[in-house]
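Coordinate inspection notes
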Amino acid sequence: MLSYILRRILATLPVMAIVALFVFGMLYLAPGDPAALIAGDQASPADIERIRQSLGLDRPFLVQFGTWLWGILHGDLGTSIFTNLPVSALIAQRIEPTLSLMAITLVLTLVVAVPLGVVAAWKAGSLVDRAIMALAVFGFSLPVFVVGYVLAYVFALQLEWLPVQGYTPLAQGFWPWLANLILPSIALGCVYIALIARVTRAAMLEVLQQDYIRTARAKGLGQRSILFVHALKNAAVPIVTVIGIGIALLIGGAVVTESVFAIPGLGRLTIDAILRRDYPVIQGIVLLFSFLYVLVNLLVDVTYTLVDPRIRY
Amino acid sequence: MDRRTVLKGLAGVGSLAATGGVSMPALSQGAAARTLRFVPQANLANFDPIWGTQYVVRNAAVLVWDTLYGVDATLQPQRQMVESEDVSDDGLVWTFRLRPGLKFHDGEPVLSKDVVASLARWSARDPMGLMIKAIQNELTAVDDKTFKWALKQPFPKMMLALGKNNAPCAFIMPERFAQTDPFKQIADYIGSGPMKFAKSEWVPGAKAVFEKFADYTPRQEKASWLAGGKQILVDRVEWVVIPDPATAAAALQNGEVDWWESPIPDLVPVLKKNRNISVDIADPLGNIGSFRMNHLYPPFNDVRARRAVLMALSQEDYMRALVGDDNSLWKPLPGFFTPGTPLYTEEGGEILKGKRDIAGAKKLLAESGYAGQPVTCLVAQDQPITKAQGDVTADLLKHLDMNVDFVATDWGTVGSRRAMKTPPGQGGWQMFHTWHAGADCINPAVYNAIRANGDKAWFGWPNIPAVEQQVTAWFEAKSLDEEKAAVSRLNRAAFEDVLYAPTGFFLSYTAWRNNISGVVKGPLPFFWGVAKTA
């Protein structure tokens, strides 16, 4: 297992290199000029050119790429063109809110979606099943920002239970931290809950028709034990797979959610960097996200062995 | 490792989090009352006010860095850091003396050498500074409190240049930072203004914090815009960046923030209904909407094509697209200068008045030789002001039977593409939309977009010698009447050759909670004199 994990980690290196080259190339070709944005309306073309030179943006593509890659190999993601701060420092400032949002959303999703999917499969074809699946379709169809606005209006503005926006670090207390994340997590989790509930139901329906379930029932096992111990365990592989894929959804959704709820996370950093053409920041974040995605896939593969002892690497 | 171990581990982390951090931050009412939470118009992404000239940087910088002079609400420069000035009879040598008690945030006194280095850096980037630099003999420190600027020819607008509120302002920094290349960012943010920048709390894109500078000695005069006594009445000003307007509105209503600089017109009715919130016009100098046509390439290299567009243009259409039905937020602008300011004139602006003449415009367009070739129109979709204007322009051009190549893009792309002088089919353009703060259009010195000196002019590169002659006449004017006469002639020349197309004058609101007092109307949010009660 350990050698498998090591092999997988090593295999990420060429993937990361390709991602890095692709991202760098795309940004090089993309229209827009950070120097023009920095210089402002009053600047002359000569001013803009001088800023471009001072940022090294006038150098050939391969030189720029080589310099950046050399920095990466030395653990330096570069310096933000606009803030003049190291990209690693900007990411460090922003990673906690995003990871917190994703973690709470993930927990919320698992706690809500898996039982809903199990119950829907158990009561397949009934009113309960149809109601759960209708809710899933509803959740899947609603844009994150719409859910976010409605939640903020009801729970923050009308009921005054929770804050509208912002983020409080966990170090400043559990409740303030959680209070800022409840509404964004629900907003972000809606789509994810719908997706996992549907997949859980489908996987459970297949497992519930297996012979060993019939045997379990014949042995007189209780419904809860059959559903959650025998059936769910065997239906877990596709569910875990979709959870892994869903992490990518969460990353994308976090961009919108963080904007709606003014959470200073990586999603907002990404948007700001793209709009300003802050190339080093964009490259750093994309590298980080791609690394996280590869890591999540690895974790999913490892998790298979935990939920299904028959799987060995 | 098996799954039971993993599950136990997860449970352990959960219980640790649950037991380890359940505590509420204790923020006393007094502390909350001494912190003003402000939602700025944009993200403070950098903080070198000479290197980056965005309005949001200037707005934050006036808290941290002081200026030698400051314009007041009558647009006149008044002494700020300067105690006295003396200009030689021939107007060639300006000698300034700093007022006593000026200190930087690191405790060091402000000396003439700091001023000299700061002005040298500023004059390499600012249009007025560049004009002074071009006629400069020497800029030197005479002693610790006195410095001298010797020129080759008189520059009567010196005090305006040093006190104007247009970016980049002539901010004074410690010499060691002011010696930084003006095209590179400074390394630290030490000023002598009324507030210190809390660099350790800065999260670009989210938060910027300013703390009251205890050693700041305000002038004794009453504060008026950038002039007078800058009395800070709170301990901290926190800038909270909220990119989504609906969220900002909700946060203001919920009391999570105290002051929102720029609420969008759509949300103002909601805010006005809230009895805890005050709403008022933010800046009486407002903004001028515009689109510029490329004078280098057909069809707009022919003045008849440019005049045809102006003949058909309805400023009301543009303004309603921008501000909706609120008539207090806009007015027609048959001129190029800011309404309500001394130099405002409508001379030559008849082409924008009265019933719009589509038939006449089509005829004139045909006479210009336009034969249906595509007109590349750049429209930034991420800026509500440019998007709204772009949509109206597309409709206008279609009414003139023009073939519109509508390039929907973002501001970053417009920012670089508008600088391209290549033909429209090769990356260039024929039209782009923008707007100008009214404070930047009060006179020719601060109004880059009104210049018409060909290659050196702003994007579109108009070459109109009659306009340039009047710019020079304004600089040489000895009295306000002479200035007005020069600007009137300039306005007429700019309309005759259609330097650019003004789409109207519009205002915006600002909103604050009623426990805030002292908010004044002005071209930027002024924090001095603003108090907060619990």
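One structure accompanies this document, and this report is about it. (Residues numbered from 1 in each chain as written. Chains lettered and ligands numbered in written order. Predicted model: local features only at pLDDT ≥ 70, side-chain atom pairs only at ≥ 80, totals over all residues. Heavy atoms only, no water.)

A closer look at the environment of L252 of chain B
All names here are of chain B. Let me state the cut-off plainly: Numbering of helices and strands runs from the N terminus; a helix is a DSSP stretch of H or I covering at least four residues, while a strand is a stretch of E covering at least two. Note on contacts: a residue pair qualifies if any of its non-hydrogen atoms lie within 4.5 Å across the two residues.
Within the secondary structure, L252 sits in helix α8 (residues 245-253). Separated by 147 residues in sequence, L252 and H105 have C-alpha atoms that sit 32 Å apart. Aside from chain neighbours lying at most four places away, what touches L252 is V257, D258, W259, W260, L271, I277, A511, W512 and R513.

Focus: the interface of chain A and chain B
To keep it simple, the criterion reads: Put simply, buried area is how much 1.4 Å-probe accessible surface two parts lose in total, over both of them, once they are put together. Here a salt bridge means any side-chain nitrogen of Lys or Arg lying within 4 Å of a carboxyl oxygen belonging to Asp or Glu. Polar contacts here mean pairs of N or O atoms no more than 3.5 Å apart (in protein, one a potential hydrogen donor and the other a potential acceptor; neighbouring residues in sequence count only if both atoms are side-chain atoms). Residues are grouped as follows: nonpolar covers Ala, Val, Leu, Ile, Met, Phe, Trp, Tyr, Cys and Pro; charged covers Asp, Glu, Lys and Arg; every other residue, Gly included, is treated as polar.
Contacts between chain A and chain B engage 48 residues on the former and 55 residues on the latter. Summed over both sides, the interface of chain A with chain B buries roughly 4,300 Å², with 54% coming from carbon and sulfur. Here chain A and chain B share 2 salt bridges between them. For the salt bridge of D181 of chain B with R50 of chain A, the shortest nitrogen-to-oxygen distance reads 3.5 Å. For the pair chain A and chain B, the interface holds 15 residue pairs in polar contact (both at pLDDT 80 or more). If you list the elements that add at least two residues to the side of chain A that touches chain B, you get α2 (34-39), α3 (45-55), α5 (87-122), α7 (144-158), α8 (174-208), α10 (223-260) and α11 (266-276) of chain A. Counted by class, the side of chain A that touches chain B contains 26 nonpolar, 11 polar and 11 charged residues.

So, the pattern of salt bridges
Condition: Working definition: with a 1.4 Å probe on protein chains only, accessible area under 20% of the residue-type maximum means buried, over 50% means exposed, and in between means partly exposed.
Overall, the coordinates contain 36 salt bridges over all chains when judged by the stated rule. R52 of chain A is paired through a salt bridge with D33 of chain A; the nearest N and O atoms lie 2.2 Å apart. With R52 of chain A in helix α3 and D33 of chain A in the loop between α1 (2-29) and α2, the pair connects residues that are 19 residues apart, well separated along the chain. Exposure remark for R52 of chain A: the relative accessible area of 22% places this residue in the partly exposed category. The exposure class assigned to D33 of chain A is buried, which follows from its relative accessible area of 8%. A salt bridge links E138 of chain B to K148 of chain B, with the shortest nitrogen-to-oxygen separation between them at 3.8 Å. Of this pair, E138 of chain B sits in strand β6 (residues 136-141) while K148 of chain B sits in strand β7 (residues 146-151), and the two are 10 residues apart along the sequence.

Points about the packing of α8 of chain A against α10 of chain A
Residues and elements named next belong to chain A. Applicable threshold: Axis definition: a line fitted to C-alpha atoms, limited for helices to the stretch in contact. Angles are taken between N-to-C directions and run from 0 to 180 degrees. Working definition: roughly parallel below 35 degrees, roughly antiparallel above 145 degrees, roughly perpendicular at 65 to 115 degrees, and oblique for all remaining angles. Left-handed describes a crossing whose near helix is turned anticlockwise from the far helix by less than a right angle; the clockwise case is right-handed.
Interhelical geometry of α8 versus α10 gives an angle of 150° and a closest axis separation of 8 Å. Between α8 and α10, the interaxial angle falls into the category roughly antiparallel. Where α8 crosses over α10, the two elements pack in a sense that is right-handed. Of the residues belonging to the contact of α8 with α10, the class tally is 22 nonpolar, 5 polar and no charged.

Side note on the packing of α7 of chain A against α8 of chain A
Residues and elements named next belong to chain A. Where α7 contacts α8, the two axes come as close as 9 Å, and the packing angle between them is 145°. Once α7 is placed against α8, the crossing between them reads as right-handed. In this structure, α7 uses V144, V147, G148, L151, A152, F155 and A156 to contact α8, whose residues at the interface are L183, I186, A187, L188 and C190. A breakdown of the residues in the contact of α7 with α8 according to their chemical character gives 11 nonpolar, 1 polar and no charged.

Treat this as a map of the structure, not an account of what it does.
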